[in-house]
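Observations on chain architecture
Listed here are the chains, written in short residue letters.
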Amino acid sequence: MQNFDYMTPTRLIFGENAIAKLHDVMAGLGRRVLLTYGGGSIKKIGLYDRVKELLNDFEITELPGIQPNPKYDPSVLEGVRLCKENNIDAILSVGGGSVLDCSKAIAAGAKYDGDPWDLITYKVKAKAALPIVDILTLAATGSEYDCGGVISRTDTNDKIGYVDPLLFPVASFLDPRYTFTVSRKQTAAGCADAMNHTIEQYFCEDSTLLNDGFCESMLRSLMVNTRKCLENPEDYTARAEMMLCCTYGCNGILSLGSSDSGWPCHGIEHALSAYYDITHGEGLAIITPRWMQHILNEHTLDRFVKYGINVFGIDASLPEQEIARKAIDATYAFFESIGIPMHLREVGIGEERLDEMVHHIAVNEGLENAYVPLTEKDIKEILVASL
Ligand code: NZQ
Ligand code: ZN
């Protein structure tokens, strides 16, 4: 087992009407709040009005319109400007992972005098950040329980994961009822994202019985509960369990003591959504089975056999190669069964810029150090198989 130094300081306030505690939590952080949100879903579900009502004695400045795959320009830059101009004390982020990720970059940028891109690219280490509180409305990324954010820059086709312990939310409000209106597409994509977060931590060296069990149970729960959410979007219990699974996905708790896998599917997907602005979870669902097929070899066979038997219930008496192949097929079939388009062409990605993306990934994502190292040629083969 590897050594580790671990902490997740975020307070989780989970369940029906969790935001009754919002005022108390915000009051501890100061009166001037930047309220960040996306394209309007929080208004449709009545959450915007509820927040304004609960915080009616606060000075609220708003940053609306944060897009999926949040953009450095204008959203991060605009948020930083608003924080500085209004002397903001804390950020309240209401929405999905994109709103929260954008808010994390704003939180650091607001306490920095130079170009916030310096921080996102680690040219400069942030010394401080504004406190962030979030009300999550979409189960997927785990951003509510981690200290990372992913920011896109359309002028350079960069989509960069920015991680700093200063960026853990102070508190995350998780009321599953706010996810009842999440569309079928985003529910399925959220499931694929959280499943892939788990898979990225399961396929690694130094796995332990403890982590394997945790990951296998996450994957089974995500599949069962996502199906229930799709059948009945207002199934509170299913939305709740899905939400909690997603929350565990990204803060490293599933891989304590294991070696870092290098998160290869994420390395590849981030380029797809940077170049084509596709939905992150859909990109991952397309890549994952092709990556699995590509890395299946004598060394990785054991992992696939365990995954196949414990996650999909494949007959343990079959030959190992057959179990592994069935496990990969079952992964693909599950994503397809929840309505995810399973070819890059279906999400608008063809061969035109493939070589450019492959090169971008090979240069920027460090996948030569992944669980199974990936060269530029490997990345191309995985993407061609995904077309
Ligand atoms: O913009 P609004 O109107 O709010 O609509 C959003 C958006 O169109 C909508 N939505 C959110 N809550 C809703 C809702 N619609 C109806 N009812 C609700 N309750 O859903 C759409 C997608 O939202 P978005 O925030 O983009 O989705 P998600 O939470 O999947 O976030 C994706 C982003 O997170 C990054 C991804 O790369 C992508 O940029 N990631 C962040 C991670 C992290 N911080 O740890 C890890 C992940 O691996 C991931 O890379
Ligand atoms: Zn992800």
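Located above this text is the structure these notes cover.
Below or above, wherever it landed, is the structure these notes cover.

Conventions and cut-offs
- Residues numbered from 1 in each chain as written.
- Chains lettered and ligands numbered in written order.
- Predicted model: local features only at pLDDT ≥ 70, side-chain atom pairs only at ≥ 80, totals over all residues.
- Heavy atoms only, no water.
- Core = buried A, V, L, I, M, F, W, Y, C linked by side-chain atoms within 4.5 Å.
- Buried < 20%, exposed > 50% of the residue type's maximum accessible area, 1.4 Å probe, protein only.
- Contact = heavy atoms within 4.5 Å.
- Pairing = 2+ DSSP bridges.
- Helix = DSSP H or I, 4+ residues; strand = E, 2+ residues; numbered from the N terminus.
- Axes fitted to C-alpha atoms, helices over the stretch in contact; angles between N-to-C directions.
- Expected span 1.5 Å × (residues − 1).
- Polar contact = N/O pair within 3.5 Å; in protein donor to acceptor, adjacent residues only side chain to side chain.
- Donors = N, O, S within 2.8 Å, 3.2 Å for Na, K, Ca; no water.
- Salt bridge = Lys/Arg side-chain N within 4 Å of Asp/Glu carboxyl O.
- Parallel < 35°, antiparallel > 145°, perpendicular 65-115°, else oblique.
- Left-handed = near helix turned anticlockwise from the far one by under 90°.
- Nonpolar A, V, L, I, M, F, W, Y, C, P; charged D, E, K, R; others polar.
- Near = heavy atom within 4 Å.
- Areas by Shrake-Rupley, 256 points an atom, 1.4 Å probe, with all protein chains shown as cover.
- Domains from an automatic or database assignment.
- Phe/Tyr/Trp six-rings, centres within 6.5 Å; stacked < 30°, edge-to-face > 60°.
- Lys NZ or Arg CZ within 6 Å of the ring centre and 35° of its normal.

**Comments concerning the nonpolar core**
One broad trend across soluble globular proteins is that nonpolar side chains are buried collectively. Counting residues in each nonpolar core, the largest one holds 69 residues, and the members touching the most others are Phe203, Ile268, Trp291, Tyr307 and Leu383. Excluding its chain neighbours within four sequence positions, the residues that come into contact with Ile268 are Ile287, Ile361, Leu367, Leu374, Ile379, Ile382 and Leu383. With 31 residues, the next largest nonpolar core counts Val80, Leu82, Ala105 and Tyr162 among its residues.

**A look at the sheet that holds strand E1 (residues 11-14)**
Pairing is parallel in the open sheet, where six strands are placed in the order E1-E8-E5-E4-E2-E3. In this open sheet, the two edge strands, each paired with only one partner strand, are E1 and strand E3 (59-63). When the angles between neighbouring strand axes are averaged without regard to direction, this sheet yields 20°. The sheet contacts of helix H3 (residues 47-54) involve strand E2 (32-37), E3, strand E4 (90-95) and strand E5 (132-136), and relative to E2 the element is tilted by about 175°. Lying over the sheet, helix H4 (residues 72-86) contacts E2, E3 and E4, oriented at roughly 160° with respect to E3.

**Points about the pairing of strand E8 (residues 171-174)**
Of the two faces of E8, both are covered, the one formed by Ala171 and Phe173 as well as the one formed by Ser172 and Leu174. In this sheet, E8 lies alongside E5 in parallel orientation, the contact comprising three bridges. Bridge pairing links Val133 to Ala171 in E8.

**Considering helix H7 (residues 184-202)**
Residues three or four positions apart in an α-helix share a direction because the helix packs 3.6 residues into each turn. Counted at 1.5 Å a residue, the expected span for H7 with its 19 residues is 27 Å, and the 27 Å between its end C-alpha atoms agrees. The element H7 is largely enclosed, with a buried count of 16 among its 19 residues.

**Considering the side chain of Asn251**
Mapping Asn251 onto the fold places it in the loop between helix H9 (236-248) and helix H10 (264-276). Looking at Asn251, its side chain comes within polar contact range of the side chain of Thr8, at 3.3 Å. Among all residues touching Asn251, those that are not within four sequence positions of it are Tyr6, Thr8, Tyr145 and Asp146.

**Quick word on the coordination of the zinc ion (ligand 2)**
Distances from the zinc ion (ligand 2) to its protein donors, Asp193 (OD), His197 (NE2), His266 (NE2) and His280 (NE2), fall at 1.9 to 2.2 Å. Here the donor residues of the zinc ion (ligand 2) are spaced in sequence according to D-x3-H-x68-H-x13-H. Remark: His266 occurs in helix H10 and Asp193 occurs in helix H7; sequence separation between them is 73 residues. On the accessibility criterion, Asp193 (2% relative accessible area) is buried. For His266, a relative accessible area of 7% corresponds to the buried category.

**Overview of the pattern of salt bridges**
Evaluation of the coordinates by the stated rule reveals 19 salt bridges. For Arg353, the salt bridge is made with Glu356, and the minimal N-O distance between the two is 3.3 Å. Judged by relative accessible area, Arg353 falls into the partly exposed class, the value being 29%. Overall, Glu356 belongs to the partly exposed group, its relative accessible area being 40%. Put simply, Glu78, Arg81 and Glu85 are held in one network by salt bridges that share partners.

**Some words on the environment of Glu200**
Looking at the element boundaries, Glu200 is found in helix H7. With 124 residues separating them in the primary sequence, Glu200 and Val76 have C-alpha atoms 28 Å apart. Here the side chain of Glu200 touches His266 through a polar contact of 2.8 Å, landing on its backbone nitrogen.

**Here we look at the packing of H10 against helix H11 (residues 280-295)**
Interaxial distance between H10 and H11 falls to 9 Å at its minimum, and their mutual angle equals 130°. When the axes of H10 and H11 are compared, the pair comes out oblique. In this structure, H10 crosses over H11, and the sense of that crossing is right-handed. Between H10 and H11, the residues in contact are Pro264, Cys265, His266, Ile268, Glu269, His270 and Leu272 and His280, Gly283, Leu284, Ile287, Thr288 and Trp291, respectively. Residue composition of the contact of H10 with H11, grouped by class: seven nonpolar, five polar and one charged.

**What about the site of ligand 1?**
Every one of the 31 residues lining ligand 1 counts as a neighbour, but Gly39, Ser41, Gly97, Ser98 and Asp146 are closest to it. For ligand 1, a nitrogen atom lies 2.8 Å from a polar atom in the side chain of Thr137. Contact between ligand 1 and Asp146: an oxygen atom at 2.5 Å from a side-chain N or O atom of the residue. Expressed as a share of its isolated accessible area of 970 Å², the protein-covered part of ligand 1 is 87%. Partitioned by chemical class, the residues of the shell around ligand 1 number eight nonpolar, 19 polar and four charged. No fewer than three residues from each of domain 1 (11-178) and domain 2 (184-386) sit in the shell around ligand 1.

**Comments concerning the packing of aromatic side chains**
Using the criterion set out here, one finds 11 aromatic pairs in the structure. Consider the rings of Tyr202 and Phe203, whose centres lie 5.4 Å apart with planes at 70°: the pair is edge-to-face. Across the pair, Phe203 and Tyr202 agree in class, each one buried. Here a set of aromatic residues connected by ring pairs shows up, and it is made of Tyr202, Phe203, Trp291, Phe304, Tyr307 and Phe312. In this structure, Arg303 packs its charged tip against the face of Tyr202, placed 4.6 Å from the ring centre.

**Brief notes about the environment of Asp118**
Note on placement: Asp118 falls in helix H6 (residues 117-120). Every residue in contact with Asp118, bar those within four places of it in the chain, is listed here: Tyr112, Lys123 and Val124.

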